[in-house]
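Chain by chain, the residues:
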Amino acid sequence: MTAVSERPTGWKPIPLALKILSVFMALWAIGSVMNLPNLMANGLPFFGTFAFGAVALCVVLFFDFIGPAIFLFALWTRKHWGPKWATIYIGLFVLNGIVALVTVKAELGLAQILIPNVISLIFLSVIYWKLDYFKAVN
């Protein structure tokens, strides 16, 4: 049997569903960075309040750029902790959306809160559907 370090990494061994997910995650990250000036000026919901300026920048960088980038690294290199990391950062994202439903739904609207959360839950579902890809070989 092969050791964990000998398993193939990179784009080729990634299952198709995770490849599609990774493209969507990369596009989401790029779109978030492009929308950053708008979010910094107009704010974004962050656990019951609106974050503006530097706080909004930090929130977007973590939830929409750094979080997915770390997961994509784990996907590319087949790190066993990749799904756990995805659960943590996507879970925080979804929790923030649930809080937003209660606190800022009137300002944002239901669709602006639910659509990202549904997409995030789909992302998690795909990751756990293809969990075997991340498992270590003994």
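This text follows the structure it describes.
Let us look at the overall build of the protein chain. Per the secondary structure count, the protein chain includes six helices and two strands. Helices (α) and strands (β) of the protein chain occur, in sequence order from the N terminus, as α-α-β-β-α-α-α-α. Taking the principal axes of the C-alpha coordinates as reference, the protein chain spans close to 55 × 25 × 20 Å. Burial analysis of the protein chain (138 residues in total) assigns 36% to the buried set. Accessible surface for the protein chain amounts to roughly 8000 Å². Of this, 73% is attributable to carbon and sulfur atoms. Here the protein chain contributes 9 positively and 4 negatively charged side chains, and the mean placements of these two sets differ by 10 Å.

We now examine the packing of aromatic side chains. One pass over the full model with this rule turns up 12 aromatic pairs. Between Phe46 and Phe47, the ring centres sit 5.1 Å apart and the planes meet at 75 degrees, which makes this aromatic pair edge-to-face. Owing to a relative accessible area of 34%, Phe47 belongs among the partly exposed residues under this scheme. Between Tyr133 and Phe134, the ring centres sit 5.2 Å apart and the planes meet at 85 degrees, which makes this aromatic pair edge-to-face. An aromatic cluster is defined as three or more aromatic residues linked by ring pairs; in this entry it consists of Trp28, Phe46, Phe47, Phe62, Phe63, Trp85, Tyr89, Phe93 and Phe123. We note Lys130 situated over the ring of Trp129; from NZ or CZ to the ring centre the distance is 4.4 Å.

Quick look at the packing of helix H4 (residues 82-103) against helix H6 (residues 110-129) now. One way to put it is that H4 packs onto H6 with a least axis distance of 10 Å and a crossing angle of 160 degrees. Here H6 runs roughly antiparallel to H4, going by the angle between their axes. For H4 against H6, the interelement crossing comes out left-handed. Where H4 approaches H6, its residues Pro83, Lys84, Ala86, Thr87, Ile90, Phe93, Val94, Gly97, Ile98, Ala100 and Leu101 are matched on the opposing element by Leu110, Ile113, Leu114, Pro116, Asn117, Ser120, Leu121, Phe123, Leu124, Ile127 and Tyr128.

Leu18, Leu21 and Phe71 are the most contacted members of the largest nonpolar core, which totals 18 residues. Elements represented by at least two residues in this core include exactly helix H1 (16-34), helix H3 (53-77), H4 and H6. In this view, Phe71 contacts Leu21, Met25, Gly82, Pro83, Trp85, Ala86, Tyr89, Ile127 and Phe134; residues no more than four positions away in its chain are not counted. Formed by nine residues, the second largest nonpolar core is a distinct cluster that contains Leu39, Ala56, Val59 and Phe63.

Calculation notes
- Residues numbered from 1 in each chain as written.
- Predicted model: local features only at pLDDT ≥ 70, side-chain atom pairs only at ≥ 80, totals over all residues.
- Heavy atoms only, no water.
- Helix = DSSP H or I, 4+ residues; strand = E, 2+ residues; numbered from the N terminus.
- Buried < 20%, exposed > 50% of the residue type's maximum accessible area, 1.4 Å probe, protein only.
- Areas by Shrake-Rupley, 256 points an atom, 1.4 Å probe, with all protein chains shown as cover.
- Lys, Arg positive; Asp, Glu negative; His and termini not counted.
- Charge placed at Lys NZ, Arg CZ, Asp CG, Glu CD.
- Phe/Tyr/Trp six-rings, centres within 6.5 Å; stacked < 30°, edge-to-face > 60°.
- Lys NZ or Arg CZ within 6 Å of the ring centre and 35° of its normal.
- Axes fitted to C-alpha atoms, helices over the stretch in contact; angles between N-to-C directions.
- Parallel < 35°, antiparallel > 145°, perpendicular 65-115°, else oblique.
- Left-handed = near helix turned anticlockwise from the far one by under 90°.
- Contact = heavy atoms within 4.5 Å.
- Core = buried A, V, L, I, M, F, W, Y, C linked by side-chain atoms within 4.5 Å.

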